[in-house]
Amino acid sequence: SMNIRRAGPDADFWNGIELKKQRLYGGGQLKIPPEQGPADGVVWRQSAEELELWVPLPDTVKVKRHCKVAIKRSSLSMRIVDGETSTLVKLDNAPLLRSIDPDESSWFIEEDSIPRSVDTERWLVVSLKKDDQGKFFNWKTVFEGLESTVKSSLAIGLGGDLSVTTAEQIINYQRIEQQADFLKADVYVRAEGGELCYYCGKVATSPGISLDATIEAQELLIIGHVQFLLPGVFGSIDSFELLYAPGDSEMLVAQDQQSLKPVDITGAAAVESPMDVGFYPEILDPDQRPFKVKRDPAGAPLGAPFQASMISPEEAEVFTGLKAD
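Residues numbered from 1 in each chain as written. Predicted model: local features only at pLDDT ≥ 70, side-chain atom pairs only at ≥ 80, totals over all residues. Heavy atoms only, no water.

1. Points about the pairing of strand β12 (residues 240–246)
The condition is simple: Pairing between two strands requires that DSSP report at least two bridges joining them. Helix and strand definitions follow DSSP, with helices as H or I runs of at least four residues and strands as E runs of at least two, each counted in order from the N terminus.
Here seven bridges tie strand β10 (residues 183–191) to β12, and the two strands are oriented antiparallel to one another. The residue bridging Tyr-188 from the neighbouring strand is Leu-243, located in β12. Here β12 pairs with strand β13 (residues 261–262) via two bridges, running antiparallel. Paired with Leu-243 across the strands is Pro-262, a residue of β13.

What follows is the structure, given as C-alpha coordinates:
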(Lines give C-alpha, C1' and ligand atoms only; values in the text may rest on other atoms or scores of the structure.)
Protein backbone atom coordinates (compact mmCIF):
# COMPACT_ATOMS: atom_id res chain seq x y z
CA SER A 1 0.00 0.00 0.00
CA MET A 2 1.08 3.62 -0.56
CA ASN A 3 -0.17 6.81 1.00
CA ILE A 4 0.89 10.34 1.89
CA ARG A 5 1.73 10.85 5.57
CA ARG A 6 1.78 14.34 7.04
CA ALA A 7 3.62 15.46 10.18
CA GLY A 8 4.42 18.67 12.02
CA PRO A 9 6.47 21.17 9.98
CA ASP A 10 9.08 21.60 12.74
CA ALA A 11 9.73 17.90 13.26
CA ASP A 12 13.36 16.87 13.64
CA PHE A 13 14.42 14.48 10.90
CA TRP A 14 15.50 11.60 13.14
CA ASN A 15 13.47 12.13 16.30
CA GLY A 16 10.41 14.21 15.36
CA ILE A 17 9.37 11.95 12.50
CA GLU A 18 8.78 9.12 14.92
CA LEU A 19 8.92 5.40 14.67
CA LYS A 20 5.71 4.73 16.58
CA LYS A 21 6.16 4.31 20.34
CA GLN A 22 9.82 3.37 20.02
CA ARG A 23 13.17 4.93 20.77
CA LEU A 24 15.48 4.37 17.82
CA TYR A 25 18.20 1.75 17.90
CA GLY A 26 20.04 3.71 15.24
CA GLY A 27 20.74 3.32 11.56
CA GLY A 28 22.96 4.91 8.96
CA GLN A 29 23.59 5.72 5.33
CA LEU A 30 23.28 2.82 2.93
CA LYS A 31 26.01 2.26 0.35
CA ILE A 32 24.26 1.34 -2.91
CA PRO A 33 26.62 0.15 -5.67
CA PRO A 34 26.46 1.89 -9.10
CA GLU A 35 24.69 -1.02 -10.79
CA GLN A 36 21.84 -0.72 -8.28
CA GLY A 37 21.85 3.06 -7.99
CA PRO A 38 23.28 5.58 -8.41
CA ALA A 39 20.99 7.04 -5.73
CA ASP A 40 22.92 9.03 -3.13
CA GLY A 41 21.83 9.84 0.41
CA VAL A 42 19.74 6.71 1.04
CA VAL A 43 19.40 6.35 4.81
CA TRP A 44 17.74 3.92 7.21
CA ARG A 45 16.80 3.60 10.87
CA GLN A 46 15.19 1.01 13.10
CA SER A 47 13.35 0.42 16.35
CA ALA A 48 12.65 -2.79 18.23
CA GLU A 49 9.85 -3.78 15.85
CA GLU A 50 10.23 -1.68 12.71
CA LEU A 51 12.82 -0.62 10.13
CA GLU A 52 12.54 2.31 7.73
CA LEU A 53 14.47 2.90 4.50
CA TRP A 54 14.47 6.53 3.27
CA VAL A 55 15.19 7.30 -0.39
CA PRO A 56 15.47 10.97 -1.49
CA LEU A 57 13.23 11.87 -4.42
CA PRO A 58 13.94 14.73 -6.88
CA ASP A 59 10.99 16.89 -7.91
CA THR A 60 11.14 15.38 -11.39
CA VAL A 61 10.09 11.96 -10.09
CA LYS A 62 6.37 11.27 -10.49
CA VAL A 63 5.42 8.80 -7.77
CA LYS A 64 2.69 6.85 -9.56
CA ARG A 65 4.62 6.66 -12.81
CA HIS A 66 8.25 6.41 -11.73
CA CYS A 67 8.21 4.54 -8.39
CA LYS A 68 7.60 0.81 -7.98
CA VAL A 69 8.12 -1.09 -4.73
CA ALA A 70 7.47 -4.77 -3.97
CA ILE A 71 7.90 -6.02 -0.39
CA LYS A 72 8.36 -9.73 0.29
CA ARG A 73 9.20 -11.67 3.42
CA SER A 74 12.90 -12.01 2.62
CA SER A 75 13.51 -9.48 -0.13
CA LEU A 76 12.69 -6.02 -1.44
CA SER A 77 12.36 -4.82 -5.02
CA MET A 78 12.48 -1.11 -5.82
CA ARG A 79 12.73 0.79 -9.07
CA ILE A 80 12.83 4.59 -9.16
CA VAL A 81 13.53 6.54 -12.33
CA ASP A 82 14.17 10.26 -12.73
CA GLY A 83 11.97 11.35 -15.60
CA GLU A 84 11.61 8.56 -18.16
CA THR A 85 15.20 7.37 -18.61
CA SER A 86 17.59 7.95 -15.70
CA THR A 87 17.46 5.16 -13.08
CA LEU A 88 17.97 6.24 -9.46
CA VAL A 89 17.40 2.90 -7.73
CA LYS A 90 17.14 -0.59 -9.17
CA LEU A 91 16.82 -3.36 -6.59
CA ASP A 92 15.54 -6.69 -7.90
CA ASN A 93 14.57 -9.04 -5.07
CA ALA A 94 17.44 -7.69 -2.98
CA PRO A 95 17.83 -10.09 -0.02
CA LEU A 96 17.00 -8.50 3.33
CA LEU A 97 19.33 -9.09 6.26
CA ARG A 98 16.47 -10.76 8.15
CA SER A 99 12.91 -11.78 7.31
CA ILE A 100 10.05 -9.34 7.87
CA ASP A 101 6.23 -9.40 7.95
CA PRO A 102 5.17 -8.21 4.47
CA ASP A 103 1.50 -7.88 5.40
CA GLU A 104 2.36 -5.28 8.05
CA SER A 105 4.89 -3.45 5.88
CA SER A 106 4.25 -0.58 3.47
CA TRP A 107 5.75 2.36 1.61
CA PHE A 108 4.74 6.00 1.48
CA ILE A 109 5.90 9.49 0.58
CA GLU A 110 7.15 11.88 3.29
CA GLU A 111 7.30 15.48 2.09
CA ASP A 112 5.77 18.06 4.42
CA SER A 113 7.61 17.34 7.67
CA ILE A 114 11.25 17.67 6.65
CA PRO A 115 13.15 20.42 8.51
CA ARG A 116 15.01 23.13 6.64
CA SER A 117 18.38 21.70 7.70
CA VAL A 118 17.77 18.71 5.39
CA ASP A 119 18.43 19.49 1.73
CA THR A 120 15.95 16.96 0.34
CA GLU A 121 12.31 17.84 1.00
CA ARG A 122 10.73 14.74 -0.48
CA TRP A 123 11.40 11.11 0.40
CA LEU A 124 10.13 7.65 -0.47
CA VAL A 125 9.95 5.71 2.80
CA VAL A 126 9.74 1.92 3.00
CA SER A 127 8.48 0.75 6.40
CA LEU A 128 9.37 -2.87 7.17
CA LYS A 129 7.74 -4.61 10.13
CA LYS A 130 10.11 -7.06 11.83
CA ASP A 131 8.52 -10.49 12.19
CA ASP A 132 7.96 -12.19 15.54
CA GLN A 133 11.27 -14.05 15.35
CA GLY A 134 13.18 -10.85 14.56
CA LYS A 135 11.77 -8.41 17.11
CA PHE A 136 14.48 -6.65 19.13
CA PHE A 137 17.22 -7.92 16.81
CA ASN A 138 19.71 -5.27 15.85
CA TRP A 139 20.11 -5.03 12.07
CA LYS A 140 23.64 -3.95 11.08
CA THR A 141 22.38 -3.00 7.63
CA VAL A 142 19.24 -3.46 5.52
CA PHE A 143 20.35 -5.82 2.74
CA GLU A 144 22.78 -8.70 2.64
CA GLY A 145 25.98 -7.52 1.00
CA LEU A 146 25.23 -3.79 1.28
CA GLU A 147 27.18 -1.99 3.99
CA SER A 148 25.93 0.76 6.25
CA THR A 149 28.16 3.61 7.42
CA VAL A 150 26.79 3.71 10.98
CA LYS A 151 26.48 0.90 13.49
CA SER A 152 23.29 0.75 15.48
CA SER A 153 22.72 -0.35 19.06
CA LEU A 154 20.24 -2.75 20.59
CA ALA A 155 17.76 -1.47 23.19
CA ILE A 156 16.23 -4.30 25.21
CA GLY A 157 13.14 -3.23 27.12
CA LEU A 158 11.31 -1.33 24.40
CA GLY A 159 7.63 -2.18 24.11
CA GLY A 160 5.76 -5.04 25.72
CA ASP A 161 5.57 -6.02 29.39
CA LEU A 162 8.74 -5.04 31.28
CA SER A 163 8.26 -7.91 33.75
CA VAL A 164 8.17 -10.42 30.89
CA THR A 165 11.32 -8.96 29.33
CA THR A 166 13.04 -9.04 32.74
CA ALA A 167 12.15 -12.71 33.14
CA GLU A 168 13.57 -13.44 29.69
CA GLN A 169 16.84 -11.67 30.51
CA ILE A 170 17.12 -13.54 33.83
CA ILE A 171 16.92 -16.80 31.86
CA ASN A 172 19.57 -15.50 29.45
CA TYR A 173 21.78 -14.51 32.40
CA GLN A 174 21.56 -17.98 33.94
CA ARG A 175 22.26 -19.65 30.60
CA ILE A 176 25.26 -17.40 29.83
CA GLU A 177 26.74 -18.19 33.26
CA GLN A 178 27.12 -21.79 32.10
CA GLN A 179 29.29 -20.76 29.14
CA ALA A 180 33.06 -20.74 29.16
CA ASP A 181 34.79 -17.35 29.19
CA PHE A 182 31.62 -15.36 29.89
CA LEU A 183 31.90 -11.91 31.49
CA LYS A 184 29.91 -10.64 34.48
CA ALA A 185 29.56 -7.28 36.20
CA ASP A 186 27.72 -5.65 39.12
CA VAL A 187 25.67 -2.67 37.93
CA TYR A 188 25.07 0.57 39.82
CA VAL A 189 22.93 3.58 38.97
CA ARG A 190 22.90 7.18 40.13
CA ALA A 191 21.18 10.38 39.17
CA GLU A 192 23.23 12.25 36.60
CA GLY A 193 25.68 14.50 38.46
CA GLY A 194 25.05 12.76 41.78
CA GLU A 195 27.37 10.90 44.16
CA LEU A 196 25.15 8.15 45.59
CA CYS A 197 25.40 4.96 43.51
CA TYR A 198 22.79 2.25 44.13
CA TYR A 199 23.44 -1.41 43.36
CA CYS A 200 20.69 -2.67 41.03
CA GLY A 201 21.76 -6.09 39.76
CA LYS A 202 24.19 -8.05 37.61
CA VAL A 203 24.75 -8.45 33.88
CA ALA A 204 26.39 -11.28 31.98
CA THR A 205 27.57 -11.44 28.40
CA SER A 206 28.70 -14.04 25.94
CA PRO A 207 32.36 -14.05 24.86
CA GLY A 208 33.31 -11.30 22.44
CA ILE A 209 30.90 -8.66 23.76
CA SER A 210 32.12 -5.89 26.05
CA LEU A 211 30.49 -5.20 29.40
CA ASP A 212 29.87 -1.59 28.31
CA ALA A 213 27.89 -2.75 25.27
CA THR A 214 26.08 -5.35 27.41
CA ILE A 215 24.83 -2.70 29.85
CA GLU A 216 24.03 -0.19 27.11
CA ALA A 217 21.88 -2.75 25.29
CA GLN A 218 19.87 -3.38 28.48
CA GLU A 219 19.82 0.23 29.71
CA LEU A 220 16.06 0.72 29.35
CA LEU A 221 15.37 -2.55 31.13
CA ILE A 222 17.78 -1.72 33.97
CA ILE A 223 16.39 1.80 34.45
CA GLY A 224 12.85 0.45 34.40
CA HIS A 225 13.76 -2.03 37.13
CA VAL A 226 15.48 0.66 39.21
CA GLN A 227 12.40 2.87 39.09
CA PHE A 228 10.32 -0.10 40.23
CA LEU A 229 12.81 -1.12 42.93
CA LEU A 230 13.45 2.38 44.34
CA PRO A 231 10.54 4.61 43.33
CA GLY A 232 11.25 7.05 46.16
CA VAL A 233 14.78 7.63 44.87
CA PHE A 234 14.47 7.36 41.09
CA GLY A 235 10.76 7.58 40.35
CA SER A 236 10.84 11.25 39.33
CA ILE A 237 14.37 11.40 37.85
CA ASP A 238 14.81 11.75 34.09
CA SER A 239 18.61 11.54 33.73
CA PHE A 240 20.58 8.54 34.94
CA GLU A 241 24.15 7.29 34.84
CA LEU A 242 25.03 3.61 34.85
CA LEU A 243 28.32 2.34 36.28
CA TYR A 244 29.71 -1.11 36.91
CA ALA A 245 32.28 -3.12 38.86
CA PRO A 246 33.61 -6.67 38.51
CA GLY A 247 31.02 -9.34 39.23
CA ASP A 248 30.41 -10.19 42.89
CA SER A 249 32.64 -7.36 44.13
CA GLU A 250 30.09 -5.79 46.48
CA MET A 251 32.31 -6.23 49.56
CA LEU A 252 35.28 -4.50 47.91
CA VAL A 253 33.02 -1.70 46.73
CA ALA A 254 31.55 -1.29 50.23
CA GLN A 255 35.08 -0.98 51.68
CA ASP A 256 36.05 1.65 49.06
CA GLN A 257 38.64 -0.76 47.65
CA GLN A 258 36.98 -0.95 44.23
CA SER A 259 36.13 1.91 41.87
CA LEU A 260 33.06 1.94 39.65
CA LYS A 261 33.46 2.41 35.91
CA PRO A 262 30.99 4.64 34.04
CA VAL A 263 29.55 2.91 31.00
CA ASP A 264 31.30 3.96 27.80
CA ILE A 265 30.35 2.37 24.47
CA THR A 266 32.97 4.23 22.41
CA GLY A 267 34.35 1.70 19.94
CA ALA A 268 32.25 -1.14 21.39
CA ALA A 269 30.76 -3.66 18.96
CA ALA A 270 26.97 -3.60 18.86
CA VAL A 271 24.96 -6.35 20.57
CA GLU A 272 23.00 -8.22 17.92
CA SER A 273 20.55 -10.26 20.00
CA PRO A 274 19.02 -10.23 23.50
CA MET A 275 20.13 -13.87 23.74
CA ASP A 276 23.77 -12.73 23.91
CA VAL A 277 23.34 -10.75 27.14
CA GLY A 278 21.51 -11.17 30.43
CA PHE A 279 20.39 -9.20 33.47
CA TYR A 280 19.79 -10.49 37.01
CA PRO A 281 17.99 -7.75 38.97
CA GLU A 282 18.46 -6.87 42.62
CA ILE A 283 15.43 -7.73 44.79
CA LEU A 284 14.84 -6.20 48.22
CA ASP A 285 12.83 -7.59 51.12
CA PRO A 286 10.22 -5.18 52.53
CA ASP A 287 12.50 -4.15 55.43
CA GLN A 288 15.78 -4.38 53.52
CA ARG A 289 17.76 -1.25 52.71
CA PRO A 290 19.39 -0.84 49.29
CA PHE A 291 23.15 -1.12 48.98
CA LYS A 292 24.59 2.27 48.06
CA VAL A 293 28.02 3.93 47.98
CA LYS A 294 29.40 7.37 47.20
CA ARG A 295 31.62 7.86 44.18
CA ASP A 296 33.12 10.87 42.40
CA PRO A 297 32.28 11.69 38.73
CA ALA A 298 34.92 9.21 37.51
CA GLY A 299 33.57 6.45 39.78
CA ALA A 300 36.40 6.55 42.33
CA PRO A 301 35.69 6.24 46.09
CA LEU A 302 35.37 9.52 48.01
CA GLY A 303 37.01 8.06 51.12
CA ALA A 304 40.12 6.04 51.91
CA PRO A 305 39.89 2.24 51.56
CA PHE A 306 39.29 0.32 54.76
CA GLN A 307 38.95 -3.27 55.95
CA ALA A 308 35.63 -4.23 57.48
CA SER A 309 35.59 -6.61 60.44
CA MET A 310 33.55 -9.74 59.75
CA ILE A 311 31.69 -11.33 62.67
CA SER A 312 29.46 -14.36 62.92
CA PRO A 313 25.71 -14.16 63.68
CA GLU A 314 26.48 -15.50 67.16
CA GLU A 315 28.98 -12.70 67.80
CA ALA A 316 26.49 -10.15 66.51
CA GLU A 317 24.01 -11.50 69.04
CA VAL A 318 26.38 -10.60 71.86
CA PHE A 319 26.81 -7.04 70.62
CA THR A 320 23.17 -6.34 69.80
CA GLY A 321 21.35 -8.50 72.32
CA LEU A 322 19.24 -9.79 69.41
CA LYS A 323 18.85 -13.44 68.58
CA ALA A 324 20.26 -14.31 65.18
CA ASP A 325 17.94 -16.02 62.73
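From this point, the narrative continues.
2. So, the sheet that holds strand β7 (residues 86–95)
Here is the rule: Axis lines are fitted through C-alpha atoms, for helices just across the contact stretch, and the angle between N-to-C directions can take any value from 0 to 180 degrees.
Strand order in the open sheet formed by three strands is β5-β6-β7, with antiparallel pairing between adjacent strands. Whereas interior strands pair on both sides, the edge strands pair on one side only; in this sheet they are β5 (67–71) and β7. Neighbouring strand axes in the sheet, compared pairwise and without regard to direction, differ in orientation by 5 degrees on average. Of the pairings in the sheet, the one linking β5 to strand β6 (residues 75–82) comprises five bridges and is antiparallel in character.

3. Considering the pattern of salt bridges
Note the following rule: Each reported salt bridge corresponds to a side-chain nitrogen of Lys or Arg within 4 Å of a carboxyl oxygen of Asp or Glu. Each residue is placed in one exposure class: buried if its accessible area under a 1.4 Å probe, protein chains only, is under 20% of its type's maximum, exposed if it is over 50%, and partly exposed if it falls in between.
Going through the model one piece at a time under the given rule, you end up with eleven salt bridges. With its nearest N and O atoms 2.9 Å apart, the salt bridge here joins Arg-190 to Glu-241. A residue pair is termed long-range when its members are at least 10 positions apart, and Arg-190 in strand β10 and Glu-241 in strand β12 qualify at 51 residues. Ionic pairing is found between Asp-256 and Arg-295, a salt bridge with its closest N-O pair at 3.0 Å. Taken as a pair, Asp-256 in the loop between α6 (250–254) and β13 and Arg-295 in the loop between β15 (292–294) and α7 (313–320) lie far apart in primary sequence, 39 residues in all. For Arg-295, a relative accessible area of 0% puts it in the buried group. What you see here is one network of salt bridges that share partners, running through Glu-177, Lys-184, Asp-186, Lys-202, Asp-248 and Glu-250.

4. Quick look at unusual backbone geometry
Positive phi outside glycine occurs at Asn-93, with the angle close to 50 degrees. Mapped onto the elements, Asn-93 comes out in strand β7. The exposure class assigned to Asn-93 is partly exposed, which follows from its relative accessible area of 41%. For Asp-256, which is not a glycine, the phi torsion comes out positive at approximately 55 degrees.

5. Examining the confidence of the model for the protein
Counted only if it meets this: Residue-level confidence of the predictor is summarised by pLDDT, bounded by 0 at the bottom and 100 at the top. In this description, contact between two residues means that some pair of their heavy atoms is separated by no more than 4.5 Å.
For the protein, per-residue confidence averages 82 on the pLDDT scale, and 78% of positions sit at 70 or higher. Averaged pLDDT values for the elements of the protein fall to 34 in strand β1 (residues 2–5) and rise to 98 in strand β11 (residues 196–205). For residues 1–24, every residue scores under 50 in pLDDT, and the model assigns this stretch 68 contacts once sequence neighbours within four places are set aside.

6. Section: the environment of Phe-234
If you trace the backbone, Phe-234 turns up in helix α5 (residues 231–234). Judged by its relative accessible area of 1%, Phe-234 falls in the buried class. Along the backbone, Phe-234 and Ile-223 are eleven residues apart, and their C-alpha atoms lie at a distance of 8.9 Å. The contact partners of Phe-234, leaving out residues within four places of it in the chain, are Val-189, Arg-190, Ala-191, Tyr-198, Val-226, Gln-227 and Phe-240.

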